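Now for the letters of each chain:
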Amino acid sequence: MSLKQSVVLFEQPHLTNENKYDPFIVTDILADYSGKQKIPIIHFWTMTNQLILGMQDTRVTDLSNAISSVKTNHYHPVVRNSGGLAVVADDGILNFSIILPQEFTNQTSINHGYETMKTIISSALSSFNTTVDSFEVTDSYCPGEYDLSINEKKFAGIAQRRIKKGLGIMIYISVNGQQEKRGNLVKQFYQAGLKEHFGKDPFPPVNPDSMKNLSDLLCQDLTVEKMKTLIVEAISQDWSFDDTAQKHFNQFLTSEDFKEAYDKGYHRMEQRNEGINTILKEIN
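Values in this document were obtained by computation on a predicted structure and should not be read as measured data.

Let's talk about unusual backbone geometry
For the bond running from Asp201 to Pro202, omega is 5°, close enough to zero to count as cis. Within the secondary structure, Pro202 sits in the loop between helix H4 (179–194) and helix H5 (214–218). Positive phi, normally seen in glycine, also occurs at Asn49, with a value near 45°. Within the element layout of this structure, Asn49 appears in the loop between strand E2 (41–45) and strand E3 (50–53). Among the residues examined, Asn49 registers a relative accessible area of 24% and is labelled partly exposed. The phi dihedral of Glu152 falls on the positive side, at around 65°, and the residue is not glycine. Among the secondary structure elements, Glu152 is positioned in the loop between strand E8 (148–150) and strand E9 (153–163). When its relative accessible area of 65% is taken as the criterion, Glu152 is described as exposed.

Notes on the packing of aromatic side chains
By the definition in use, this model includes 13 aromatic pairs. Ring geometry for Phe10 against Phe249: centres 6.0 Å apart, planes inclined by 75°, an arrangement best described as edge-to-face. Taken together, the residues span a long stretch of sequence, with Phe10 in strand E1 (residues 5–11) and Phe249 in helix H7 (residues 243–253) at a distance of 239 residues. In this structure, Phe10 and Phe249 share a single accessibility class: buried. Between the aromatic rings of Tyr190 and Phe203, the centroid separation amounts to 5.5 Å while the plane-to-plane angle is 45°, which identifies the pairing as tilted. Within this pair, whereas Tyr190 is found in helix H4, its partner Phe203 is found in the loop between H4 and H5, the two being separated by 13 residues in sequence.

Rules used throughout
- Residues numbered from 1 in each chain as written.
- Predicted model: local features only at pLDDT ≥ 70, side-chain atom pairs only at ≥ 80, totals over all residues.
- Heavy atoms only, no water.
- Helix = DSSP H or I, 4+ residues; strand = E, 2+ residues; numbered from the N terminus.
- Buried < 20%, exposed > 50% of the residue type's maximum accessible area, 1.4 Å probe, protein only.
- Phe/Tyr/Trp six-rings, centres within 6.5 Å; stacked < 30°, edge-to-face > 60°.

Below, the structure written as structure tokens:
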């Protein structure tokens, strides 16, 4: 990828449980658009009190009991359209994706995407004079080889997913809020669903103390909006936000093609969430 590659930006409005499928539907649509138009997309989104489950999480021994624990904690469960394990989304969590056309990634290693994201986050935080490390924090929720940490406390996790004609490099960042509460939410989900098998593969032995907010690690009053600004500034060092491409992209977002793709994606997400939606009706 050359320097000053043109990119476009999509900031979804803050999402609630009523539109809990939207970020996952939209990610697929953006990947298809990115591949067809040969342009990368920067995607930001936030949600209120959502526990985002991977398909593997739906295979816990007692899913009904696990879902009940989520509701007891005043969060809402949703099953995303990709693998991996449970993560939390709430007002203090920023979700950020770089979506690349397929041909931009054909000649790069799997690690290249992770390293690209780590470089962007490190650059965004460079003014704080801190070092961002990447290694698996095994007792965090959704542990992975490219967990991002400061002083051995995880604040973010990175995932990759090939989608249609593109590649999504996705990160969730714990910016502020009650990170210990988030950790306990996930821990209690697994304890309720696994009982005496809690902490056994393939599910993590979640320790809430293994993760911290960026604002706490940096001793700064850092907000989600400020973190977005820092990321955009970091991206702008090498990439260019293209006004013409942005206008074309904005038109696509209100087009019939977008609406048709959204409706198809919504139907797929409804099917994927049929099991937990049945449980939720029984609980309520």
